[in-house]
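Chain by chain, the residues:
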Amino acid sequence: MQRIYLDNASTTNVSSEVLNEMLSVFSQNFGNSNSLHSFGRDAQALVDTARDRIAKAINAERGEIYFTSGGTESNNWAILGLALANKNKGNRVITSQIEHASVLESCKKLETLGFEVVYLPVDSTGLVSIVDLIDKLDQNTILVSIMSVNNEVGTIQNIKTIAKIVHEKDIIFHTDAVQAVGNFAIDVKDLEVDVMSVSGHKIHAPKGIGALYVKKGIKIDNLIVGGEQERGKRGGTLNVPSIVGFGKAFEILTKNYVYDCKKVKTLRDYFFNRVMNEIDDVELNGHQNQKLAGLVNLSFAGVDGEALLFLLDLEGIAVSTGSACSSGSQEPSHVLMAMKVQAQVAKGAIRFSFSKSNTKEEVDYVVEKLKASVAKLREFSTVRVKKTTGEKNV
Ligand SMILES: *Cc1c(COP(=O)(O)O)cnc(C)c1O
């Protein structure tokens, strides 16, 4: 059976170019980048190159990039570290209701530490209300954290506008850009971002590697203590092979993202148009066009999302019912709830996320299987409804 992977917002494969750069690091350049001998210096040189590649890709300085264990750690560090380091200036933190769990849970933690957190609402397309943001910014606000792109519905926020408004009040602006990388040029100076989280495994680098960009001069407390690594800001021996792969992935996407985005967008639009034309009663969750090139989130009326996921899985097709973190729980997605999507519709939501390695033939196969699976589940649910309402089965 062929296997088709349409869950690239959960994670991506490590590309062959990235893997190739990493392989020799495991066996030959295995030194501890903190060691003073030649093995250490070689490892350090590799780390420097990777750091430079990432810095260049986002228009930052080498010294503003700190390696972490991934997007989750970067978000935890940003929220907790920035709030604690700047608590002398106030205790209000503003974020949105649709952030990744690693931001939301960090904010909950801040609340237990005496901070006041405002969770901004979004509209039905998933856009944060700028009016609400302006209304909530006050003298006491020390940090605003709004994600660049939502991982469930793909909506792209107006980050530059938000950053400008936040900076007019001299407040720090952090963004979770994990899903944004590779989808548009991320220039931290142009976007006026102070602190930004990125992750490797969403851009064809390994899992367990990420980075936090911290603009020079921004005060941030440590999250991981215990060593002098990363200029004393993040303890722990560096994961040199993954850092090398991460740097390579950034270099590749800086070169290719315009072309690759066009490719995934064409595939996604082809898929979307076929689904809308060939299956009845499908709803798009998210923004019509201000969204990630390779992502579409759909609800099929009368169909349970998880049931559909399992039927597609039987056909070798991998999709998601929202964010991988919340799947498995019975709760409807917090993102769709914040968008005021009806609970019934939210329970039916399926996220299809494409990568540059998907093909049109794969999409054709998926559409056929999707049509059959949706029809099967709808037939089943009408039988059920008729039974429970006492109607005769036909
Ligand atoms: C995947 C993801 C994260 C978490 O990154 P990890 O590297 O998996 O910890 C954070 N934010 C968003 C928007 C994500 O999509």
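Predicted, not measured: the structure shown is a model, and the values here were computed from it.

This part is about the packing of helix 2 (residues 38–57) against helix 9 (residues 240–278). For the pair helix 2 and helix 9, the least separation of the axes is 8 Å and the interaxial angle reads 30°. Our classification of the angle between helix 2 and helix 9 gives roughly parallel. Crossing hand, helix 2 versus helix 9: left-handed. Together, Ala 43, Leu 46, Val 47, Ala 50, Arg 53, Ile 54 and Ala 57 of helix 2 and Val 240, Ile 243, Val 244, Phe 246, Gly 247, Lys 248, Phe 250, Glu 251 and Thr 254 of helix 9 make up the contact between the two elements.

Taken together, 13 residues lie near the ligand, and Thr 72, Asp 176, Ser 199, His 201 and Lys 202 sit nearest. Between the ligand and Thr 72 there is a distance of 2.6 Å, counted from an oxygen atom to a side-chain nitrogen or oxygen. Within the side chain of His 201, a nitrogen or oxygen atom sits 2.7 Å from an oxygen atom of the ligand. Relative to its unbound accessible surface of 380 Å², the ligand loses 89% to contact with the protein. Of the residues forming the shell around the ligand, the biggest block, 3 residues, is contributed by helix 3 (residues 71–85). Of the residues in the shell around the ligand, the class split is 2 nonpolar, 9 polar and 2 charged.

On to the packing of aromatic side chains, then. The relation between two aromatic rings is expressed through the spacing of the ring centres and the mutual angle of the planes. Counting across every chain of the model gives 6 aromatic pairs. Summarising the aromatic geometry, the rings of Phe 271 and Phe 352 are spaced 4.7 Å apart at their centres and angled 50° between planes, so their arrangement reads as tilted. Of this pair, Phe 271 sits in helix 9 while Phe 352 sits in strand 12 (residues 349–353), placing them 81 residues apart in sequence. Residues Phe 271 and Phe 352 agree in their burial class; the two are buried. Three or more aromatic residues joined by ring pairs make a cluster, and in this case those are Phe 67, Phe 246 and Phe 250. The aromatic ring of Tyr 66 is capped on one face by Arg 231, whose charged end is 4.1 Å from the ring centroid. A cation sits over an aromatic face here: Lys 291 above Phe 272, 6.0 Å from the ring centre.

We now examine the nonpolar core. Counting 67 residues, the largest nonpolar core has Ile 58, Phe 67, Leu 133, Val 144, Phe 173, Met 196 and Phe 246 as its most contacted members. The biggest single contributor to this core is helix 9, with 8 residues. When residues are assigned to domains, this core turns out to be shared by domain 1 (4–11 + 258–378) and domain 2 (16–253), each giving three or more. Those residues in contact with Ile 58 that lie beyond four places of it in its chain are Ile 65, Ile 186, Asp 187, Val 188, Met 196, Tyr 213 and Phe 250.

Moving on, we get to the pairing of strand 4 (residues 116–120). Looking at chain direction, strand 3 (residues 92–96) and strand 4 are connected through 5 bridges and run parallel. When the sheet's bridge partners are listed, Val 93 is paired in strand 4 with Val 117. Since strand 3 and strand 4 lie parallel, the crossover through helix 4 (residues 101–112) that links them has a hand, and here it is right-handed.

Let us look at the domain arrangement of the protein. We note that the domain assignment places domain 1 (4–11 + 258–378) and domain 2 (16–253) within the protein. One C-alpha centre belongs to domain 1, the other to domain 2, and the line joining them spans 28 Å. Opposite the 27 residues of domain 1 that make contact, domain 2 presents 29 residues. For the domain 1 and domain 2 pair, buried surface summed over both sides reaches about 2,300 Å², with 54% attributable to carbon and sulfur atoms. Contact with domain 2 buries surface across domain 1, with Gln 290, Leu 292 and Met 339 losing the most and accounting together for 25% of the total. Applying the counting rule to domain 1 against domain 2 returns 0 salt bridges. Where domain 1 packs against domain 2, one counts 12 residue pairs in polar contact (both at pLDDT 80 or more).

Inspection of the entire model under this criterion finds 27 salt bridges. The shortest N-O distance in the salt bridge between Lys 164 and Glu 192 comes to 3.0 Å. Here Lys 164 is found in helix 6 (residues 159–168), whereas its partner Glu 192 is found in the loop between helix 7 (188–191) and strand 7 (195–199), with 28 residues between them in sequence. Relative accessible area serves as the criterion here: at 40%, Lys 164 is assigned to the partly exposed category. In this structure, Lys 356 and Asp 260 form a salt bridge, with 3.7 Å as the shortest nitrogen-oxygen distance. Taken together, the residues Lys 356 in the loop between strand 12 and helix 13 (360–388) and Asp 260 in helix 9 connect sequence positions 96 residues apart. Through salt bridges with shared partners, one network takes in Arg 274, Glu 278, Asp 364, Glu 368 and Lys 371.

A few words on the sheet that holds strand 12. Pairing in this open sheet of 3 strands is antiparallel, and the strands run 9-10-12 from one edge to the other. Across the chains shown, the open sheet's two edge strands, defined by having one partner strand only, are strand 9 (282–285) and strand 12. Across the sheet, the mean angle from the axis of one strand to that of its neighbour is 35°, orientation sign disregarded. For strand 10 (residues 295–300) and strand 12, the ladder comprises 5 bridges, and the chain directions are antiparallel. When the sheet's bridge partners are listed, Val 296 is paired in strand 12 with Phe 352.

This next bit is on helix 4. Helix length check: helix 4 (12 residues) gives 16 Å between terminal C-alpha atoms against 16 Å at 1.5 Å per residue, within 8%. Buried within helix 4 we find Ser 102, Val 103, Leu 104, Ser 106, Cys 107 and Leu 110. Packed against the buried residues of helix 4 are helix 3, strand 3, strand 4, strand 5 (141–145) and helix 11 (334–338). Just downstream of helix 4, Gly 114 is the residue with a positive phi angle, here 100°.

The rules we used
- Residues numbered from 1 in each chain as written.
- Predicted model: local features only at pLDDT ≥ 70, side-chain atom pairs only at ≥ 80, totals over all residues.
- Heavy atoms only, no water.
- Axes fitted to C-alpha atoms, helices over the stretch in contact; angles between N-to-C directions.
- Helix = DSSP H or I, 4+ residues; strand = E, 2+ residues; numbered from the N terminus.
- Parallel < 35°, antiparallel > 145°, perpendicular 65-115°, else oblique.
- Left-handed = near helix turned anticlockwise from the far one by under 90°.
- Contact = heavy atoms within 4.5 Å.
- Near = heavy atom within 4 Å.
- Polar contact = N/O pair within 3.5 Å; in protein donor to acceptor, adjacent residues only side chain to side chain.
- Areas by Shrake-Rupley, 256 points an atom, 1.4 Å probe, with all protein chains shown as cover.
- Nonpolar A, V, L, I, M, F, W, Y, C, P; charged D, E, K, R; others polar.
- Phe/Tyr/Trp six-rings, centres within 6.5 Å; stacked < 30°, edge-to-face > 60°.
- Buried < 20%, exposed > 50% of the residue type's maximum accessible area, 1.4 Å probe, protein only.
- Lys NZ or Arg CZ within 6 Å of the ring centre and 35° of its normal.
- Core = buried A, V, L, I, M, F, W, Y, C linked by side-chain atoms within 4.5 Å.
- Domains from an automatic or database assignment.
- Pairing = 2+ DSSP bridges.
- Right-handed = clockwise from strand over helix to strand, strands pointing away.
- Buried area = accessible area lost by both parts, 1.4 Å probe.
- Salt bridge = Lys/Arg side-chain N within 4 Å of Asp/Glu carboxyl O.
- Expected span 1.5 Å × (residues − 1).

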